[in-house]
Amino acid sequence: MRTLRIGHVTSEIAPFAKVGGLADVSAALPSFLHGAGHDVRVFTPLYSAIETDAYDFAPVEGLSDLSVETGADRISYDVLQATLPGSSLVVHFIHCPALYDRLHVYTNDPDEHRRFILLSRAALDACQRLGWAPDVMHCHDWQTGLIPLYLKSIYAWDRLFQATRSVLTIHNIGYQGTFPASVLTDTGLEDSAKYLHQEDLREGAIGFLKTGVLYADRVTTVSPTYAEEIRTEKLGAGLHDLMRERGETLVGILNGVDTAVWNPRRDSNLAHRYSQKSLWRKEKNKEALLSDLHLPYDPDRPVVGMVTRLTGQKGIELLFEPLPEFLEAHVLRLVILASGESKYERFFAELQEAFPGEVCFYRGFHEGLAHRIEAGADMFLMPSIYEPCGLNQMYSLMYGTIPIVRKTGGLADTVRQWDPESESGNGVVFDHPTAEGVRWALRTALGLYQDREVWKKLMSNAMNADFSWEKAGKRYLELYGELVTRQEAKV
Ligand code: ADP
Ligand code: GLC
């Protein structure tokens, strides 16, 4: 395949700005493509929380004193660049303090739509100013959902984009960026309003993700099972009909894992690095984790870990009854690193209070601790109601930490129930999103843990998994290749 020019536009990129898995994917995929020899540029906001002093930020020549008209206002910005740590990939940061100097990456502020309209338009404007004609503009989630339509409307006059094709990846259909129709003037699409979803418009709404689904040349999501699930009314969040209409132009590609960041053999966050051959060192990480968190170490009592955003999606409600029961029976210890909705934070805070020495709830975001939990826990719990891909269960598998997951989305695609007959399987998988489902799963996992030989085999099956970006990256390249070849065949 010839060298492609690939633009990625994203609202998060690790390690600069991370809320969830999108940040990990937005770093790893472009970095893989860049490593494979393609000309890749990433565009993302320069949030004020990014510690610019810690990286090599520099202005980009030709990209200063820029502005975009949104409604009655002109928003000024410039573009800085920095290299992605551990790679030579250059990331372009849209520097606009008026929009990105906020407490959090995402806000409920009245100008939230403008923050990502600017990102989308600045990315396209930057391409123009740099004279860089992308073969593919790869957009991520609702924040960049207008780009496919921009390319077909207000930027269509520019020959630079004549051959540009768009890909939209849906990381989570639960967040659609739906705004009142009054934002139309801010989008700059007044003259192209006929292309927006007309029924929504009549009802007074504009959906950024929906617009992307309507106009992207390809739509992808982050696991094959989720690609099927979003075609159903139950999990399509109102977009299932559109998803079905996309037919073969909607595909699911399972995310990979950035093994430069997540690898028990090289992870500098760990007290003891280990591999399949030195699992006793994993046990040392358990000891170290518990000691750090002031919990007693007991080799026979498994540690169940969780690292998660606390939202409805993650199925925390399913734990409300079972967890206190298991803790009451003193059969496990629980380590949770999480933050989010207050009812879930309260639940874990109360558990910690009710079971001192058994539960540690670390409320907040902590990259190093996330790695230490993956390494030090024996089991990792993800009872998600839905999970587009899920990265933590893949990290868990690679770290020999047995995932206990609900059978949905990417969890269903990566974790297979242990089968004692064939000794196959790498975790515990439950189907029913109920307290009883969780009880079954925990009982099953605890039972397996008691048999050291079985547990060793489970760990070995888990650690044999290959989630490298090679596989996923190649699938994306094939997809780009199809789009570009079609285009070239047409010319
Ligand atoms: P989602 O993107 O829905 O949050 P994923 O499993 O795809 O779920 O990715 C979550 C990512 O965010 C993982 O890399 C996980 O380690 C990280 N993460 C989530 N919560 C925290 C936290 N409180 N502290 C540190 N890392 C976290
Ligand atoms: C979303 C999903 C998660 C997925 C991540 C990266 O945040 O909730 O399941 O792993 O995006 O694609």
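Residues numbered from 1 in each chain as written. Chains lettered and ligands numbered in written order. Predicted model: local features only at pLDDT ≥ 70, side-chain atom pairs only at ≥ 80, totals over all residues. Heavy atoms only, no water.

1. Quick word on the overall build of the protein chain
Scanning the protein chain for helices and strands turns up 18 helices and 18 strands. The C-alpha atoms of the protein chain give a radius of gyration of 23 Å, which matches the 23 Å a tight globule of 491 residues would have. Along the first, second and third principal axes, the C-alpha set of the protein chain runs to 65 × 45 × 45 Å. Contacts in the protein chain between residues far apart in sequence, at least 24 positions, make up 72% of those at least 6 positions apart. (Helix = DSSP H or I, 4+ residues; strand = E, 2+ residues; numbered from the N terminus. Rg over C-alpha atoms; globule rule 2.2 N^0.38 Å. Contact = heavy atoms within 4.5 Å.)

2. Some points on the site of ligand 2
In the vicinity of ligand 2, 14 residues are found, and the nearest of them are H171, N255, E387, C389 and G390. With respect to ligand 2, the side chain of Q313 contributes an N or O atom lying 3.1 Å from an oxygen atom. One nitrogen or oxygen atom from the side chain of E387 is found 2.5 Å from an oxygen atom belonging to ligand 2. Considering ligand 2 on its own, with 310 Å² of exposed area, one finds that the protein chains cover 93% of that surface. For the shell around ligand 2, the leading source of residues is helix α1 (residues 21-35), giving three residues. When grouped by side-chain class, the residues that make up the shell around ligand 2 number six nonpolar, six polar and two charged. When residues of the shell around ligand 2 are assigned to domains, at least three fall in each of domain 1 (5-256 + 470-490) and domain 2 (276-465). (Near = heavy atom within 4 Å. Polar contact = N/O pair within 3.5 Å; in protein donor to acceptor, adjacent residues only side chain to side chain. Areas by Shrake-Rupley, 256 points an atom, 1.4 Å probe, with all protein chains shown as cover. Nonpolar A, V, L, I, M, F, W, Y, C, P; charged D, E, K, R; others polar. Domains from an automatic or database assignment.)

3. Topic: the state of the cysteines
Counting across every chain of the model gives zero disulfides. Not engaged in a disulfide, the cysteine C389 finds its nearest cysteine sulfur in C139; these two sulfurs lie 20 Å apart. Given a relative accessible area of 2%, C389 falls into the buried group. (Disulfide = S-S within 2.5 Å. Buried < 20%, exposed > 50% of the residue type's maximum accessible area, 1.4 Å probe, protein only.)

4. Remarks on the sheet that holds strand β18 (residues 428-430)
Within the open sheet, the six strands sit side by side as β15-β14-β13-β16-β17-β18. Their pairing is parallel. Two strands lie at the open edges of the sheet, namely β15 (359-363) and β18, each paired on one side alone. Mean inter-strand twist for the sheet, computed between neighbouring axes without regard to direction, equals 15°. Across five bridges, the pairing between strand β14 (residues 333-340) and β15 is parallel. Residue pairing for β15: L337 is matched across the bridge by Y362. (Pairing = 2+ DSSP bridges. Axes fitted to C-alpha atoms, helices over the stretch in contact; angles between N-to-C directions.)

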